[in-house]
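Residue strings, one per chain:
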Amino acid sequence: QVQLVESGGGLVQAGGSLRLSCAASGSIFSINAMAWYRQAPGKQRAWVALITSGGRTNYVDSVKGRFTISRDTAKNTVYLQMNSLKPEDTAVYYCNANLRLSYSDNSYDYWGQGTQVTVSS
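Criteria and thresholds
Residues numbered from 1 in each chain as written. Predicted model: local features only at pLDDT ≥ 70, side-chain atom pairs only at ≥ 80, totals over all residues. Heavy atoms only, no water. Helix = DSSP H or I, 4+ residues; strand = E, 2+ residues; numbered from the N terminus. Rg over C-alpha atoms; globule rule 2.2 N^0.38 Å. Buried < 20%, exposed > 50% of the residue type's maximum accessible area, 1.4 Å probe, protein only. Phe/Tyr/Trp six-rings, centres within 6.5 Å; stacked < 30°, edge-to-face > 60°. Pairing = 2+ DSSP bridges.

Asker: Just to check I follow, could you spell out the overall build of the protein chain for this structure?
Answerer: Secondary structure summary: the protein chain contains 0 helices and 11 strands in total. Reading the helices (α) and strands (β) of the protein chain from amino to carboxyl end gives β-β-β-β-β-β-β-β-β-β-β. For 121 residues, the compact-globule estimate of 2.2 N^0.38 gives 14 Å, and the C-alpha radius of gyration of the protein chain, at 14 Å, lies within 12% of that figure. Taken over 121 residues, the protein chain has a buried fraction of 38%.

This is how it looks when you write it as structure tokens:
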């Protein structure tokens, strides 16, 4: 089965940096896109960044210029480089992958377990 394993979360001071990693494993036929979401306590899960199989990227306005999403296609791994972190970036960050398990299968969303990012002021 598909598994998304995240790492890189932690505690950092405002203005600091973290890099999140998410490796997808299992019998994966193809990955259409990978993305990062985040959820602060008491708030809805929100999309943060996206990268498609063609390498196109997109970001929510609040992180543009500070966060960079990238990928290592050979390793089925997506990264989120987070610079100039702000306290409002504090949240649980979730890796998402839209993928197919076979050529004839539909595509589905899979999620990582989440990793805590805390930015202190």
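Asker: What's the story with the packing of aromatic side chains in this structure? I'm lost.
Answerer: Each aromatic ring pair is characterised by the separation of its centres together with the angle its planes make. With the rule as written, the count across this model stands at 2 aromatic pairs. Between Phe 29 and Tyr 103, the ring centres sit 6.0 Å apart and the planes meet at 80°, which makes this aromatic pair edge-to-face. Taken together, the positions of Phe 29 in the loop between strand S3 (18-25) and strand S4 (30-39) and Tyr 103 in the loop between strand S9 (91-100) and strand S10 (107-111) put the pair 74 residues apart, joining distant regions of the chain. The class of Tyr 103 is exposed, set by a relative accessible area of 67%. Judged by centre distance (4.9 Å) and plane angle (65°), the ring pair of Tyr 37 and Trp 111 falls under edge-to-face.

Asker: Help me understand the pairing of strand S11 (residues 115-120), please; the structure alone is not making it clear to me.
Answerer: A regular strand carries its side chains on alternate faces of the sheet. Burial along S11 is one-sided: the face carrying Thr 115, Val 117 and Val 119 is buried and the face carrying Gln 116, Thr 118 and Ser 120 is not. Inspection of the sheet shows strand S2 (residues 10-13) paired to S11 by 4 bridges, in the parallel sense. Residue pairing for S11: Val 12 is matched across the bridge by Val 119. Strand direction decides the pairing type here: S9 and S11, joined by 3 bridges, are antiparallel. Residue pairing in the sheet places Tyr 93 in a bridge with Thr 115 of S11.

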